[in-house]
Amino acid sequence: MASLPPTLLQSSRRARLVTKKKYLKKDWCKTEPLIRRLREPGCRSRRVIDRFCYGQCNSFYIPRESRRRRAFKSCPSCLPRRWERVSVLFHCPGQVPARRRRTVKLVKQCRCMPRRRR
């Protein structure tokens, strides 16, 4: 195999040239704080510190030569990787009971990950 210029990707003799290195950017996905206001009917609202995800994740679509094999698709997104369940106590004046507890799911960490099909 002839030597490829250093700007091209190469992984093995059987590998196909996909793209030039300069077009591939590093994935990045950040987890940042977000103040959420939670509401429960008849109760005072509560604020909790949650987190949100944002970033840029590389995606690919590589067609196959064979009709029997599907194309390779990779379409990751910056999504929550870890969650935390927290119990929140609401004060509900004039209500019975005067306090209500609700469990909420808060984002702990985000990462570029494949989306789950529904």
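Residue positions are given per chain, counted from 1 along the sequence in the order it is written. A pLDDT threshold of at least 70 governs which residues receive local features in this predicted model, and a stricter bar of 80 or more applies before side-chain atom pairs are shown or counted, although totals over entire chains, interfaces and linings include all residues. Calculation of side-chain values draws on the structure's entire complement of heavy atoms; hydrogens and water are dropped beforehand.

Before going further, it helps to examine the overall build of the protein. When helices and strands are tallied, the protein shows zero helices and six strands. Comment: elements are numbered from the N terminus, with helices defined as DSSP H or I runs of at least four residues and strands as E runs of at least two. For the protein, the succession of helices and strands along the chain, N to C, is β-β-β-β-β-β. Counting only residues that meet the buried cut, the protein has 15% of its 118 residues in that class. Should any heavy atoms of two residues lie within 4.5 Å, those residues are counted as being in contact. Pairs at least 24 apart in sequence give 51% of the contacts found in the protein among residues at least 6 apart. Residue-level accessible areas treat just the shown protein chains as cover; the underlying method is Shrake-Rupley with a 1.4 Å probe. Roughly 10300 Å² of accessible area belongs to the protein as shown, and the carbon and sulfur atoms make up 48% of that amount. Burial here depends on accessible area, computed with a 1.4 Å probe over protein chains only, as a share of the maximum for the residue type. Under 20% is buried, over 50% is exposed, and the range in between is partly exposed.

Side-chain rings of Phe, Tyr and Trp (the six-membered ring for Trp) are treated as a pair once their centres are within 6.5 Å; stacked means planes under 30 degrees apart, edge-to-face means over 60, and tilted covers the remaining angles. Scanning the entire structure with this criterion turns up two aromatic pairs. Summarising the aromatic geometry, the rings of W28 and Y54 are spaced 5.6 Å apart at their centres and angled 85 degrees between planes, so their arrangement reads as edge-to-face. Note that W28 is positioned in strand β1 (residues 28–38) and Y54 in strand β2 (residues 46–56), a separation of 26 residues in sequence. For W28, a relative accessible area of 33% corresponds to the partly exposed category. Aromatic pair F52 and Y54: ring centres 5.8 Å apart, planes at 25 degrees, arrangement stacked. Given a relative accessible area of 35%, F52 falls into the partly exposed group.

Attention now moves to the nonpolar core. Remark: nonpolar core denotes a set of buried residues (Ala, Val, Leu, Ile, Met, Phe, Trp, Tyr, Cys) joined through side-chain atoms within 4.5 Å. Of all hydrophobic cores here, the largest spans eight residues; its members are L38, C43, V48, V88, F90, C92, V104 and L106. Ignoring any residue separated from it by four or fewer positions in sequence, one finds V88 in contact with L38, R46, V48, R100, R101, R102 and V104. In this structure, C57, C78, C110 and C112 belong to the second largest nonpolar core, which totals five residues.

Attention shifts here to the pattern of salt bridges. Between Lys or Arg on one side and Asp or Glu on the other, a salt bridge is scored when a side-chain nitrogen of the former is within 4 Å of a carboxyl oxygen of the latter. Under the definition given, this model contains four salt bridges. Here D50 and R36 are joined by a salt bridge, their closest N and O atoms 2.7 Å apart. Taken as a pair, D50 in strand β2 and R36 in strand β1 lie far apart in primary sequence, 14 residues in all. A residue is classified by how much of its surface remains accessible, and R36, at 27% relative accessible area, is partly exposed. E40 serves as the salt-bridge partner of R100, at 3.9 Å between the closest nitrogen and oxygen. Note that R100 is positioned in strand β6 (residues 99–114) and E40 in the loop between β1 and β2, a separation of 60 residues in sequence. For R100, a relative accessible area of 23% translates into the label partly exposed.

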